Every structure is written in structure tokens, then in C-alpha cells.
Amino acid sequence: MFGLWPALPPTPRRTSCWMPRLGALLVAGCLAWPAHTAEPLPGTDGEGPAAPLATTVPVLRTAFIQLVTKRSYPDDARLAQLQAAAQQAFASAAQPWPAGELFLLIDRHPQSQEALVALATEAGGWEVIGTSLISTGKPGSYDHFTTPLGVFSHGDHHSFRAEGTFNDNGIRGYGLKGMRVFDLGWVPAEKGWEPPGVIPIRLQVHATDPVLEKRLGTPASKGCVRIDAGLNRFLDQYGVLDARFEATQAETGVRPWFWLPDRTPTPWSGRWVVIVDVPRAPAP
């Protein structure tokens, strides 16, 4: 499916949420969604100039449906809740709303466990591309953390691809060979075992072993965000979180080794992963 990848650089075991730490703990889905904006970007609704590069919003939605198997189907009321949570998260982080960029929203609430890919538009609006089931941290045992909340920048750290090897538990911690690992760096997180405390983990968004995809939709990870292989491929293929790497390539002329040979970037590459916790509103 993915062809041959260039040789991977050495990767410390501590970078995987699956991998056990040595010695002392190293401190270490989609329908045709309605538009939630009154002012679509040019090229997103069939009017105005065509979007540059490879795609438009309808094309992205179709690709999401074709690639992502663990889709979820929030209704309009739920999407409005998530949009408000995203707006609040950017405001709390003193980051402007990323109009004109794609971003990945993660809802870690146990009743939700959803990822949402959206294109931010003006005045806090968005165009939802698709939603899918994910798994975040499941505290309660040693070396398991509560996935931290906040707005995290992708591209400040090296990206890499899974080798497809098994960990000590006989599980492909990063999924099948070639899956992209989206690294968000060291982030403080709440320990899920006694005594309570906060220590850094290496926060990543990554695929999981195919046998564990059935757990997506419930908390199940050590603290990272697990996604299905289809969403992993979607984020990778369309450069959803690659804005920083694209800027570096433009400056240096050097193409990142981990990019797909047939990637189809959009005009709206972003870099933000937003993690929220949003209880569902009571049914009327």
C-alpha cells in the first residue's frame, strides 16, 4: 500500500506511547457536513476562483469517506459544541483562530473519543471535513496518563514513520509499517497511577495495531492519541498538519524524507492539534 520507505533514523524507545520506559520512568468518519460558516473560502463552494494545488473541500470530504473506516456521525448540535470548544481552546492558548488552515480537533471525553478534521474560516467558522473514532489515555495503571488538553503545534519536531515492529506486548505500537507518526513533543500530563502528579510525556498522534482498531471510540492508550490507519493516511496524503514542513522546504529546497511520494497537499495545510474535553449536552 505504501511502497518502500527510506531508511528510518534511530528513534529512541521513549518516543512511543506504547514503548515501556527503562529504569526510572523517563519524564518523559464523515457525511456531507453542513457548512458552519457564513463565509466560505474561495473555491470551497464551486464559486469564485478555483482552489490552487490539488483539491477542494468537497474533494477532501469524499477522500475522507473513502479512506477512513472508523467514522463517527455527530449531529449539528454536537458539532456546534465542538466548534465552541475549539474556539475556546485557541483563545485560552492566546492563539488566533487559524483561518484558512486545516486543523485536527481531538475530543478526549470518554463519551466522545472523536477526532474532527476541519478547515478554519473567518470569524471562528469552519468547514467540517470529517470525524472519526479515536482512543486517548486510559489512566488507572502504571505508565498510563491522561491525555493533556490544549493547543499543540505539529512540525516543531521531527516526523517519522512506523517500522511495523512489535513491542514487548506483541503489539505494533505505531501500527503497520509506513504509518506516519505526528510528533507534538514533550508535554506535561497527569499520571494515571499513585501517587498523583504531572510529568512530561512524548505526545503523539499515531496509528495502532489493526487488531486494536476495534477499541477506537473508547479510552485505551497510554496517553497519546490513537487513530485508525485510514485517518493516518488522510492526514499524511493531504498534508493536513504539514504547514511547518512545507515552509521549511520552501526555504531550503529540501523535501522531507518522510513525505509520501504521491502526496496531494491542499492550499490549507495547518499545524494545530487541539485537544478538548466536551461532555455531550443532555438530550432535549
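Our structure is the block above this text.
All of the points below concern the structure found in this document. (Residues numbered from 1 in each chain as written. Predicted model: local features only at pLDDT ≥ 70, side-chain atom pairs only at ≥ 80, totals over all residues. Heavy atoms only, no water.)

**Side note on the pattern of salt bridges**
Pairing of side chains with opposite charge becomes possible as their charged atoms draw close.
Now for step 1: Summed over all chains, the structure comprises 14 salt bridges.
Now for step 2: The salt bridge involving arginine 61 is made with glutamate 127; its shortest N-O contact spans 3.0 Å. With arginine 61 in helix H1 (residues 57–67) and glutamate 127 in strand E3 (residues 126–133), this residue pair connects regions lying 66 residues apart in the sequence. The burial state of arginine 61 is the same as that of glutamate 127; both residues are buried.
Now for step 3: The closest approach of N and O atoms between aspartate 183 and arginine 202, which form a salt bridge, is 3.0 Å. Placement of the pair is aspartate 183 in strand E7 (residues 180–191) and arginine 202 in strand E8 (residues 198–207), with a sequence separation of 19 residues. Summarising the burial analysis for this pair, aspartate 183 and arginine 202 share the class buried.
Now for step 4: Each of Arg161, Arg180, Asp236, Asp242, Glu246 and Arg263 takes part in one network of salt bridges that share partners. (Salt bridge = Lys/Arg side-chain N within 4 Å of Asp/Glu carboxyl O. Helix = DSSP H or I, 4+ residues; strand = E, 2+ residues; numbered from the N terminus. Buried < 20%, exposed > 50% of the residue type's maximum accessible area, 1.4 Å probe, protein only.)

**With respect to the sheet that holds strand E10 (residues 272–276)**
Now for step 1: The strand order across the open sheet formed by five strands is E3-E2-E1-E10-E5, and the pairing between neighbours is mixed. The two strands at the open ends of the sheet, each matched to only one other strand, are E3 and strand E5 (150–153). With direction set aside, neighbouring strand axes in the sheet form an average angle of 20 degrees.
Now for step 2: Here E5 runs beside E10; their pairing, made up of four bridges, is antiparallel. When the sheet's bridge partners are listed, glycine 150 is paired in E10 with isoleucine 275.
Now for step 3: Of the strands in this sheet, strand E1 (102–107), strand E2 (114–120) and E3 are in contact with H1, which crosses E3 at around 5 degrees. (Pairing = 2+ DSSP bridges. Axes fitted to C-alpha atoms, helices over the stretch in contact; angles between N-to-C directions. Contact = heavy atoms within 4.5 Å.)

**Observations regarding the packing of aromatic side chains**
Pairs of aromatic rings are described using the distance from one ring centre to the other and the angle between the two planes.
Now for step 1: According to the stated counting rule, one finds twelve aromatic pairs in the structure shown.
Now for step 2: Judged by centre distance (4.9 Å) and plane angle (70 degrees), the rings of phenylalanine 245 and phenylalanine 258 are edge-to-face. Taken together, the positions of phenylalanine 245 in helix H4 (residues 243–252) and phenylalanine 258 in the loop between H4 and E10 put the pair 13 residues apart, joining distant regions of the chain.
Now for step 3: Here phenylalanine 258 falls in the buried class, since its relative accessible area comes to 5%. (Phe/Tyr/Trp six-rings, centres within 6.5 Å; stacked < 30°, edge-to-face > 60°.)

**Overview of the pairing of E1**
Now for step 1: With six of six residues buried, E1 is to be regarded as a mostly interior element.
Now for step 2: Burial along E1 is two-sided: the residues Leu102, Leu104 and Ile106 and Phe103, Leu105 and Asp107 are all buried.
Now for step 3: Where E1 lies against E2, six bridges are found, and the strand directions are antiparallel. Each residue of the ladder has a partner; that of leucine 102, found in E2, is leucine 119.
Now for step 4: As consecutive antiparallel partners, E1 and E2 are separated by six residues, and within that stretch glutamine 113 has a phi angle of approximately 50 degrees, a positive value.

**What about the side chain of aspartate 107?**
Now for step 1: With respect to the helices and strands, the residue aspartate 107 is situated in strand E1.
Now for step 2: In this structure the side chain of aspartate 107 is engaged in a polar contact, spanning 3.0 Å, whose partner is the backbone nitrogen of valine 278.
Now for step 3: Ignoring sequence-local partners within four residues, the contact set of aspartate 107 consists of Arg78, Leu82, Ser112, Gln113, Glu114, Ile134, Val276, Asp277 and Val278. (Polar contact = N/O pair within 3.5 Å; in protein donor to acceptor, adjacent residues only side chain to side chain.)

**A closer look at the nonpolar core**
Now for step 1: Ranked by size, the top nonpolar core spans 35 residues in total, and within it Leu104, Val117, Leu231, Phe234 and Leu235 carry the most contacts.
Now for step 2: Elements with a contribution of two residues or more to this core: H1, E1, E2, E7, E8, strand E9 (225–227), helix H3 (229–237) and E10.
Now for step 3: Judged by nonpolar contacts, the second largest core, of 19 residues, contains Trp126, Val128, Val276 and Val278. (Core = buried A, V, L, I, M, F, W, Y, C linked by side-chain atoms within 4.5 Å.)

**Looking at H1**
Along an α-helix, a turn takes 3.6 residues, which lines up residues three or four apart on a common side.
Now for step 1: Listing the buried residues of H1 in full gives Val57, Leu60, Arg61, Ala63 and Phe64. Within H1, the buried residues cover an arc of 165 degrees as seen down the axis, which keeps them to one side.
Now for step 2: Buried residues in H1 make contact with E1, E2, E3 and H3. (Arc of directions from axis to C-beta.)

**Notes on unusual backbone geometry**
Now for step 1: Cis peptide bonds are those with omega within 30 degrees of zero, and the linkage from glutamate 194 to proline 195 qualifies with -10 degrees.
Now for step 2: By the element assignment, proline 195 lies in the loop between E7 and E8.
Now for step 3: Here the phi dihedral of alanine 94 falls at roughly 55 degrees; this positive angle occurs in a residue that is not glycine.
Now for step 4: Considering the arrangement of structural elements, one finds alanine 94 in the loop between helix H2 (76–92) and E1.
Now for step 5: Here alanine 123, not a glycine, exhibits a phi torsion of approximately 55 degrees, which is positive.
Now for step 6: With respect to the helices, strands and loops of the structure, alanine 123 is situated in the loop between E2 and E3.
Now for step 7: Taking the relative accessible area as the measure of exposure, alanine 123 reaches 80% and is therefore exposed.

**Focus: the pairing of E3**
Now for step 1: Counted residue by residue, E3 has seven buried out of eight residues, so it is predominantly covered.
Now for step 2: Sheet analysis places E2 next to E3, joined by seven bridges and oriented antiparallel. Bridged to alanine 115 within E3 is serine 132.
Now for step 3: Hairpin connection between E2 and E3: a loop of five residues separates the two successive antiparallel strands, and alanine 123 in this loop has a positive phi of roughly 55 degrees.

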